[in-house]
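Observations on the three-dimensional arrangement
So you can see what is in the structure, the chains are spelled out below.
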Amino acid sequence: MSISLSSLILLPIWINMAQIQQGGPDEKEKTTALKDLLSRIDLDELMKKDEPPLDFPDTLEGFEYAFNEKGQLRHIKTGEPFVFNYREDLHRWNQKRYEALGEIITKYVYELLEKDCNLKKISIPVDATESEPKSFIYMSEDALTNPQKLMVLIHGSGVVRAGQWARRLIINEDLDSGTQIPFIKRAVDEGYGVIVLNPNENYIEVEKPKIHVQSSSDSSDEPAEKRERKDKVSKETKKRRDFYEKYRNPQREKEMMQLYIRENGSPEEHAIYVWDHFIAKSAAENVFFVAHSYGGLAFVELMIQREADVKNKVTAVALTDSVHNVWHQEAGKTIREWMRENCCNWVSSSEPLDTSVESMLPDCPRVSAEAESPYAYGLVSNS
């Protein structure tokens with residue numbers, strides 16, 4: 001049986017507790033002090049002492065993985081699929097490794113959008129200063145000038161970014177299942193302009209600035225002896241704090257703060273912003289949306305905020321496992337009626353494809369996607 005470092009650290013305390021509890025009333029004060037000490041120890045954080053360093057490669061090659069000709073992620077040497085539990089009994093470390101790989105895949109998909117799909121990366125806000133936080137979307141060359149039709153893609157919530165439906169499917173299945181690339185290529189082949197939204201890119205993270213506390217010794221009005229006592233107490237306090245920090249945050253992970261992107265601080269804000277600055281200005285006579293999960297909620301919010309404009313410009317909406325709720329979002333009767341005529345929600349179901357699925361909401365029809373992942377199907381209209 002293996003014993004972790006954290007267990008060895010706590011073992012003397014537990015033993016001491018047991019010995020004290022066997023003593024008389026005089027030992028109550030010590031017992032209380034030890035209990036207080038134990039209550040302030042974060043065992044989850046302490047367990048991090050057993051972890052290997054959180055230093056991961058920044059390329060697929062560094063992870064020894066690559067996408068094969070079928071778009072499947074495979075180990076370069078063994079040909080095996082990705083293994084999450086790379087190290088047993090280290091779930092947090094394995095999760096951090098998975099997240100690091102996910103960030104690399106996000107950049108890889110961006111490259112595919114630009115190189116394989118010929119989309120352009122457009123920075124937003126459109127009038128951003130050089131110093132302020134920025135996001136971006138992707139557009140085809142003719143997105144704003146195509147006079148006939150425009151396809152707009154919105155993914156769901158979570159870690160996914162522009163061009164992705166589900167990171168899990170990209171890693172465990174293939175690129176066709178987990179990315180929007182098949183939709184984009186088919187849309188382009190059928191003469192659509194394309195805009196790919198990026199609704200989860202709402203902020204940038206920067207390291208928190210360190211707070212410098214002015215030393216008490218800077219106060220020249222205090223007697224020297226008093227300043228020395230204060231400095232001694234301050235040094236002892238810092239020593240204890242640093243000792244505790246070693247266990248609270250042994251990996252010395254940086255403390256980050258979020259700087260939100262102007263007018264794009266949420267998926268709903270992002271959808272409205274892209275509508276106002278791009279989609280509404282496009283030349284396309286017919287605009288089509290494909291929105292997955294939370295993307296469906298963002299589209300309904302867009303309708304609520306820009307109802308007349310959306311009705312005038314949007315021809316049809318394909319939702320996939322949309323989580324919108326017309327009651328909670330307070331969508332009016334005219335919006336619900338429009339959705340019944342112009343929207344369809346493909347949902348996860350074992351029923352045959354396009355079989356009607358009962359819904360409690362009085363908005364758009366729900367039909368079966370005949371799959372666990374409805375966005376794995378090509379829902380791009382032939383019209």
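Everything here concerns the structure above.
Here is a short report on the structure shown in this document. (Residues numbered from 1 in each chain as written. Predicted model: local features only at pLDDT ≥ 70, side-chain atom pairs only at ≥ 80, totals over all residues. Heavy atoms only, no water.)

1. Things to note about the pairing of strand β6 (residues 193–196)
Residues of β6 alternate between two faces, with Gly193 and Ile195 on one and Val194 and Val196 on the opposite face, all of them buried. Across two bridges, the pairing between strand β4 (residues 135–139) and β6 is antiparallel. In the strand pairing of β6, Tyr138 is matched with Val196. Here strand β5 (residues 149–154) pairs with β6 via four bridges, running parallel. Across the sheet, Met151 pairs through a bridge with Val194, a residue of β6. (Buried < 20%, exposed > 50% of the residue type's maximum accessible area, 1.4 Å probe, protein only. Helix = DSSP H or I, 4+ residues; strand = E, 2+ residues; numbered from the N terminus. Pairing = 2+ DSSP bridges.)

2. A short note on the sheet that holds β4
By definition, the strands of a sheet pair up through backbone hydrogen bonds, in either a parallel or an antiparallel sense. Ordered by their spatial adjacency, eight strands build an open sheet running β3-β4-β6-β5-β9-β10-β11-β12, and the pairing between neighbours is mixed. A strand with exactly one partner marks an edge of an open sheet, and here the two such strands are β3 (120–124) and β12 (366–368). When strand polarity is set aside, the average angle formed by the axes of neighbouring strands in this sheet is 20 degrees. Summarising the sheet, β3 and β4 pair through five bridges and their orientation is antiparallel. Counterpart to Ser123 in the pairing with β4 is Phe136. Sheet strands in contact with helix α8 (residues 181–189) are β5, β6 and β9 (286–292), and its direction is about 155 degrees off that of β6. On top of the sheet, helix α13 (residues 333–342) reaches β10 (314–320) and β11 (343–347); it is set at about 65 degrees to β11, its chief contact. (Axes fitted to C-alpha atoms, helices over the stretch in contact; angles between N-to-C directions. Contact = heavy atoms within 4.5 Å.)

3. A closer look at α13
Those residues of α13 that sit buried are Ile335, Arg336, Trp338 and Met339. Here the buried residues of α13 occupy an arc of 160 degrees about the axis, which is enough to place them on one side. Opposite the packed face of α13, turned more than 90 degrees from it, sit the exposed residues Lys333 and Glu341. Elements in contact with the buried residues of α13: α11 (294–305), α12 (307–313), β10 and β11. (Arc of directions from axis to C-beta.)

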